[in-house]
Structures are given as structure tokens and as C-alpha cells.
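Residue-level listing of the chains:
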Amino acid sequence: MIRRTLAPFALTVLVLIVAVAAVLIPVALATPDPIGMIDTFLFGPFRTFRHTGNIVEMATPAMLCGLAVALMFRAGMFNLGVEGAFFLGALATAAIVILVPLPGWAMAPVALAGGMIVGSSACVVPGVLRNRFEVSELVSSLMLNFAVMFIGLYVVNSVLRDPSAGAMVSYRIPADARLPRIVEGTRIHLGTIFAFLACIAGSIYLFRTKAGYESRIVGANPGFAAHLGLPIRSVMLRAQVLGGTIAALAGGIELLGLYQRFSWQGLPGNGWTGVVVAILARDRPLLLIPSALFLSYLQVGGDLVARNHDVPNEVVGLIQALILILVTASAITRSPRLLALLSGKRKEGHA
Amino acid sequence: MAAEPIIRFEAISKRYPNGTEALKGVSFSIEAGTIHAICGENGAGKSTLMKILFGLERATGGTIRIDGQPVDISSPRAAASFGISMVHQHFSLLPSLTVAENILLGQEPRRGLLVDRKAARERVAALAARYNLEADPDARVAGLSVAAQQKVEILKALSRDVRVLILDEPTAVLTPPETDELFRRLHGLRRAGITILFISHKLGEVRALADRVTTLRAGLLSGDAAMGDISDAEIATLVMGTTKTVPPLREPHGFGAERLRVDNVVLRSLAGADRLDGVSLSIRAGEILGIAGVDGSGQRGLVSVLTGEVLPHDGDFHLDGRSARGCSTAALRKGGMAHLPADRFHQGSARTLSVVDNAIAGAHRSSRFSRGAFLRVREMETEARRLISDFSIRCPGPRAPLSALSGGNAQKVIAAREFATAPTFLIADQPTRGIDIAAAAFLQGRILDMARQGTAVLLISADLDELLALSDRVAVLYAGRITAVLDNGPHLTPERLGPFMLGLEDAA
Ligand SMILES: Nc1ncnc2c1ncn2[C@@H]1O[C@H](COP(=O)(O)OP(=O)(O)OP(=O)(O)O)[C@@H](O)[C@H]1O
Ligand SMILES: [Mg+2]
């Protein structure tokens, strides 16, 4: 039993080690100090408490975005609106704390709730289009992400922009609205605890509630769901509303947890990281936690190398890309529906 | 015996990653140019052995020799290079593509970068003519009857240079005339020098077709003999061990009030096989109405109307006196309908979900399996374990994914789920297709039990023996019309039904 559940896990770990080694070693050999570079990459993040803290900080939005993606993928919805929802959620949260006069204690909750509602639209709109008109949620959500970004930047520039700051950034976020830090010497904030709890709740939702069960059935085989008389369309929409809400909340939490001002000049990429995290975790909410921490660890290691050795930060991107390819390759072969979607044609014979 | 056997299995073992030992050292030979049958209960390891030969699974022990040489068959591509082709237990055609596209998938004739459609069509036509298996290259697979799809599958398997053709339960979906037809084709292929490996649960077919039979039991070889040297009873014993199956017995009993009435239902559909042209039926509580008919005579249309999947263009149907036209599947199921679908894997189950998830789905909203928004996971598992033992489902456990079950065992999970809802109206569409003799007798017994307790049953089956063993009345469907409704009795025989099924006679 234990061996059975651990086998795929061990395989994944092996794949990860290979991916990291395959990029790291050649890059290291091209630097004057290969051993030093590899050392910085692998162990640097644990040498100072602050850097270890960075891993956890980065993992926070990754877990939440991963959860958003996993819940939608489980229901068979390949909705990539998380990126837009994260951006918009953060922006709307910023707008509320800056523009709406609220008592200090109410700022964070009200703004996060508002951000959630506004931001989730990046997933909900493609969901509704799919529901009503059979528009592919994959395509519409991808396009909407960019529309959301341009609208958002316009709003920042014309409404929230602080003219006294040099760059195109918003007014300061009031100190009362910030999420409390919880670990001395790092920037780890209350949102991290929330992210852990959310992953656990996500697991309970998927495997222990009727709604989660139904979404897994719809995602695994819509024909089966129809045979059972499940309300397929509302199950699909529910997954996308849930996913959008979580991603938007993640954006708000990121903003109130780490930022002084809204300062993004484009899509921040956390949503994409969420997709990688979800695929790495094979859409299992509890596995989102280690996979988010792992990817953040690579990111922090990469940042340290970029700062201290003559290596571009893109190396981390390269490792991520390779991991993504290797892991999706195995994820795809496990999921016939994803396979059909991606290739349009090929399908494994099974008997 | 001068020539080497074309295939020799030597101590083949297979242990799946989850620990299931599907094969435990199986050795036997297949002579070139023969038809070789493989028999065994559900989960005996037949498909596993064939998948190993076809390169879809890797043996964990043993050697395969082809023409005496040990070979390594690591993929279906490698199998193809040895001239081995396979028709799977569950079809793998892509419904949205045409016949020609399906057959030549991956080996399309090209002109520059584009597929040469004309050449493709010609190649398929030539192939069909060569093996005398007619097929319309331009038809979409979605619109074909199962028998027609079967031919396409076989053509696809024959489209490369073939020496060995593996057929995993090819007849499960066919009616007797279609089976006869297929057998004539297979005999033709043998004459053309092709070696055929054939899996079936029906001894009559094995007798009619095979030169030699090998039996497997729980992953072990239990017998291997020339057809001339072995009787059907001996094969059955080798397959099942010592247990004897008692065929189910229909006992006369009274019927209750009319439960289902179908009035003049018309369904005009794009796919011809679904069309209904004014069908009327009636089933009383406790009655089993069998539907006979060549596959593609409207069975699929009738079932999709009665399950609320499609709205008929005209006509109506009543359940317990209330009109049910326009009711959703959910409403119908709530009203006591259960449906064992013919299409196990597109409709009946989700292969990636666990046995529990497949066995409880649909009943999960009841207070037995849920409290508020939450599932009672332990209750679900207990019930799944009960079904596994009641229906003797061979599986590693309730949490195993359905894909780890053999074809017949997966199907038993579906039957167990639908039967467990204690329906007042049951649609059983090919209930024992692909199921071994003992399990089929068990399922048939359960259907009779349900009828005795007042369930109205609509039984659709390609197997006329099954139909005549269970039904109180038999309606024959031909080209979307009911051509006869006959009371069952000793006078009713397959021969009597034949002319109605082929549309030669019409008593309606
Ligand atoms: N992918 C798999 N993973 C784990 N176990 C498997 C897998 N496929 C089959 N098995 C197990 O191997 C055994 C043999 O299965 P196989 O499919 O070969 O049976 P079969 O003889 O073809 O039965 P059927 O008549 O039901 O099709 C069964 O116990 C089954 O549960
Ligand atoms: Mg099988």
C-alpha cells in the first residue's frame, strides 16, 4: 500500500533531480567557479534565515494559484484565467484600500473581499462563455488575461497613480491594511498560514464533499456525468468561480502581504507558476504545498546565483521549463482527456 | 512438426506496479496459420497476455519467441514490425474522424505536407476489397453501428502487413448473423495465411472458429489442447475450476400495473443507427421485455430517449402513468430508473476514478452517503466492499482506479452500481457483454430477482439465448420500427426471430 502510493512520488522526485542537474551542470561548467555556483544554488537558500523565508513567501501565492488551477483542472476546465485573476485581484484590493475610507481593522478584509469579487471575473467570464456558448475556456481565458492587464494598467495610470513617485506606481498602501508579519527576520505574513489551510481545505473539498466528488466525475468523464444526471454545466461553472475567487484572493494577499504600493507594470507571472505547481502536484491539493515550496526554492537559489555569479536569472526559467516538460509529459500520459485536448487526435488504445 | 511455431510464450509473468500478479509463468505455442482461442474468467489475464504480445505492456518475466527467435516487443510499433496487429476489447476509434482517417491514422499517404485524401480513400477501398470487409471510407465513425465499427477496427488492424491478428472479444457486441459473417471473414483470413488469436467467453464460438484452445485461470495456464481433443464441458471446467454454473431460471409470476408506456416515439437523427420511426411499447411491473434486433436498428435511440438524453421529435412516454417526455436524466433516475449502458467507458464509468467512486456515483446525494455538503467516505467504502464481494469483482481493493480492473470486472462494477439503486424501471443494455459464464449467470439471476420483486425491465441484448432465457415478451426492432412483439415460450426460438430481425417479416 505504502509502496504503491510512493512509487509515482519517487518517480517525480527523480525527474526533478534530473531536470535540475541537466540545466545546472552545463551552466555551472561555463562559469569560472562551477562548484561555488552549484553550492550557492543548492545550499544558498538555507544559509541565511532571510533567504529561507523568501522561499516561504514565494510559495504562498504559488500554493494558492496552484489550488485555483487544480480545482479547475479537476473539473476538466482548462481555464488559464488565474494569471489575470491574480493581477486583477491585487489591483482591486489596492484600489479599495487606497480609495475607500475604512476603519483600519476593516481595511484588509473588505479590500480582499472586493478584490476577490472583481478579480475572479478573469476566470468567471470564460466560464460563463463556455457555459452559454461552448466557447473554449482555454482560448478565451488566455485572451482575457491580456485584456485584463491593459485595462488594469490604464486604471493604475489614470486613477491610482501617485504623481510624487517617479515610476508608474499607485499611492502608498495604508499601514493598517497590511497583513501582519508572523516570523521575525522574514517577510512571511499571515497569508502563508491561510495558503496552507486553503490547500488542506481544497483537499477536503475535492475528496470529502459532494460538490468536489461531482466535479471530479465531470472532469474525469463528462459522458459518465451525463449518464448519472449530474448538472454538468453548473459543476463546470462552479469550479471556475471557485478557481477565479482563490486566484484573485491570492493576488490581494500578495499585495497586502509584501507590497508598499501597487507597482506591477505587466502580468506578474504568479498564475503561470500556479499552473506549473498544479501540474507538478498532479492536481492534488496537499501535494501543492511541497511542489510550491520546491519551485520557490529553485527560484530563490536562481536569484542568489544571478546576484553572486555571472549567470543570468533565466537559468531558473530554463530549469522550470524543463521540469514542466518532463512532468507534463508524464501527467499527459496519465490523463486521456488532457491528451485528447492537447493533440486533438492521438489517443492510446486501451483494453 | 518441422516448422517452428510462429509464437511461443515461455514462462511469461506479469506483475502490475500495484502488485497484482496478472500472469504467473504462462507457456504455450501458437502454430502459424491457425486460429487459436484463449479462454478464461474475467481477470484471468487474457488481455494482459495479448497486450504484452502487442507491446502495450511489458512482461516482468519470461520470453516471447517469434519463429523461434527470442524477441523484445517494447511498443506497438515494434509489434507491427513483427507483423502483429490487435483489435482491442474496447474500441479505440476516434468518433469524429471518418473511416478512412481512422484506418490510416499515423500512416496517411501524403502529398507534400498534406494528406492525400484521394489516395487514402483508394487505399481503404482496396484494403476492404482484398479482405472482403466492406466499409464506406467517407462515413464518420460516430454514425456507424457497433458491428460496422468492428469491421473498421479489423480493417485498421489489417492495414499494415499482418501475420498475426489479435482479436480481444470481437464478438461480444455482435448479433448471431453478424458473428457468422465475421467468422466467415476470419476463416478467409486464415486461408490467406494469417494467424489469428481470438479471445471469447462463448464456448460455442470457440468451437465454431478455433483450431486450438488455451485456457487461463487466475494467471496460470490451466489447459492447452486441439479443439478436436476437448469437449465444451472440459473447456468450461478448465476455465472455471470445479464450480458448475446453474443457468438462471425464469419462473412464471404475475405482473403488476403498467409501468412504462412508449407511444409512437419518433426520433430523426443524423446518425442513422439512432433513428426511431414510431415506436410503441409497454412494460408492466415485474415484466422483462426483451428487445431483439441487429445492432444499429434503433436501440441506441430508444435508450437515449428513455434515459432523457434526447428529446423525441414526436410521441411520448409514460412512467407509472405520468408523462416523462422532457424529463431530465436526473429526474428520471430520481423517479426510479436505472440504466446499465452498452457503452461502458464513455457512459458507464470513469476509468481514472477509483472503484468506490465509480460504484457509489449517483447515489452519493442520498443521506446514506452524505451528511450536509460532506460525503460519508467510510460508508461509501463499506458499501463498495459489499458490492465487490456480492458481485465477486476481482480487484486490488475499493481504492484502486477502475483502469486497473479487467474489462469484465470493470463492467461488474457498473452493473453493481445500477442494480444497487433498487430501481422500479431498469434498462439493461447488453448486461453480460464481455462477462464470463459464471458472472453472466449471476447477473442474469439478479435481473430475474429484480423483476420478481416488481421491477419493470427493458432488456437489450445481442445474445438471443440470453434474451430468450430472461424475457417475458420479446419485441423486435428493425430499422427504427417494432416489427413484432412476441410472448416468450418454448415455441419462441432464434430461428423464429430471425426474419423479423432482418426485416423480412413484419407482424406489427
Ligand atoms: N493496468 C492495470 N493495473 C493493475 N492491474 C491490472 C491492470 N490491468 C489489469 N490488471 C489486473 O490484471 C488481472 C488480469 O487482467 P486482464 O485484463 O488481463 O483480464 P482478462 O482475462 O482480459 O479479463 P476480462 O475477461 O474481464 O477482460 C486482473 O486481476 C486485473 O485486475
Ligand atoms: Mg480482457
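Residues numbered from 1 in each chain as written. Chains lettered and ligands numbered in written order. Predicted model: local features only at pLDDT ≥ 70, side-chain atom pairs only at ≥ 80, totals over all residues. Heavy atoms only, no water.

If you trace the backbone, Thr 98 of chain B turns up in the loop between β6 (84–87) and α3 (99–103). Setting aside anything within four residues of it in sequence, one finds Thr 98 of chain B in contact with Pro 137, Asp 138, Ala 139, Arg 140 and Val 141 of chain B. (Helix = DSSP H or I, 4+ residues; strand = E, 2+ residues; numbered from the N terminus. Contact = heavy atoms within 4.5 Å.)

What follows deals with the site of ligand 1. Residue and element names in this part refer to chain B. The environment of ligand 1 is formed by 23 residues, the closest being Lys 46, Ser 47, Thr 48, Ser 406 and Gly 408. Note that an oxygen atom of ligand 1 is positioned 3.5 Å from one of the backbone N or O atoms of Gly 407. The backbone of Gly 408 places a nitrogen or oxygen atom 2.6 Å from an oxygen atom of ligand 1. Here ligand 1 loses 93% of its free accessible area of 640 Å² to cover by the protein chains. Broken down by secondary-structure element, the contributors of at least two residues to the shell around ligand 1 are α1 (46–53) and α14 (407–420). Looking at the shell around ligand 1, its residues break down into 5 nonpolar, 14 polar and 4 charged. For the shell around ligand 1, the two domains that each supply at least three residues are domain 1 (7–240) and domain 3 (351–422). (Near = heavy atom within 4 Å. Polar contact = N/O pair within 3.5 Å; in protein donor to acceptor, adjacent residues only side chain to side chain. Areas by Shrake-Rupley, 256 points an atom, 1.4 Å probe, with all protein chains shown as cover. Nonpolar A, V, L, I, M, F, W, Y, C, P; charged D, E, K, R; others polar. Domains from an automatic or database assignment.)

Residues and elements named next belong to chain B. This structure, assessed with the given rule, holds 34 salt bridges over all chains. Glu 10 is paired through a salt bridge with Arg 8; the nearest N and O atoms lie 3.6 Å apart. A relative accessible area of 27% means that Arg 8 is categorised as partly exposed. Where salt bridges share partners, they join Arg 368, Glu 383, Arg 386 and Asp 390 into one cluster. (Salt bridge = Lys/Arg side-chain N within 4 Å of Asp/Glu carboxyl O. Buried < 20%, exposed > 50% of the residue type's maximum accessible area, 1.4 Å probe, protein only.)

All right, on to the nonpolar core then. Judged by nonpolar contacts, the single largest core of 104 residues is most densely connected at Val 97, Ile 217, Leu 256, Phe 262, Leu 298, Ile 319 and Ile 323 of chain A. Take this core: its biggest share by element is 13 residues, from helix α3 (residues 49–74) of chain A. If near-sequence neighbours (up to four positions away) are discounted, Phe 262 of chain A is found in contact with Phe 87, Ala 90, Leu 91, Ala 94, Val 156, Val 169, Ser 170, Ile 173 and Leu 255 of chain A. Core analysis: the second largest hydrophobic core is formed by 47 residues, Cys 39, Ile 103, Leu 133 and Ile 230 of chain B among them. (Core = buried A, V, L, I, M, F, W, Y, C linked by side-chain atoms within 4.5 Å.)

Further remarks concern the pairing of strand β21 (residues 425–429) of chain B. Residues and elements named next belong to chain B. The buried count for β21 comes to 5 of 5 residues, which makes it a mostly enclosed element. Judged by which residues are buried, β21 turns out to be covered on both faces: Phe 425, Ile 427 and Asp 429 on one side and Leu 426 and Ala 428 on the other are all buried. Sheet topology note: the strand β18 (residues 337–340)/β21 ladder contains 4 bridges and is parallel. Bridge pairing links Leu 340 to Ala 428 in β21. (Pairing = 2+ DSSP bridges.)

With that settled, the discussion passes to empty space enclosed by the protein. Residue and element names in this part refer to chain B. For the structure shown, the criterion picks out 3 cavities of 30 Å³ or more. Considered as a void within the structure, the largest cavity measures approximately 50 Å³ in volume. In this structure, the largest cavity is lined by Cys 39, Gly 40, Ser 200, His 201, Leu 203, Val 239, Asp 436 and Ile 437. (1 Å grid on protein atoms, 1.4 Å probe; cavity = no way out; pocket = protein on both sides within 12 Å on 5 of 7 lines; lining within 4 Å. Points joined across faces, edges and corners; volume = space filled by probe spheres on them.)

In this section: the environment of Gly 317 of chain A. Residue and element names in this part refer to chain A. With respect to the element layout, Gly 317 can be found in helix α14 (residues 314–334). Among the residues examined, Gly 317 registers a relative accessible area of 39% and is labelled partly exposed. Spatially, the C-alpha atom of Gly 317 lies 8.8 Å from that of Gly 302, the residues being 15 residues apart in sequence.

Turning our attention to the sheet that holds strand β5 (residues 69–71) of chain B. All names here are of chain B. Sheet architecture is open: 4 strands sit in the order β2-β1-β4-β5, paired in antiparallel fashion. Strands at the two margins of the open sheet, each flanked by one partner only, are β2 (21–30) and β5. Strand-to-strand twist across the sheet, computed as the mean angle between neighbouring axes with direction ignored, equals 25°. Of the pairings in the sheet, the one linking strand β4 (residues 61–66) to β5 comprises 3 bridges and is antiparallel in character. Its bridge partner lying in β5, Arg 65 is registered against Pro 70. Here α1 sits on the sheet and contacts β1 (7–15), β2 and β4; the angle it forms with β1, its principal contact strand, is near 115°. (Axes fitted to C-alpha atoms, helices over the stretch in contact; angles between N-to-C directions.)

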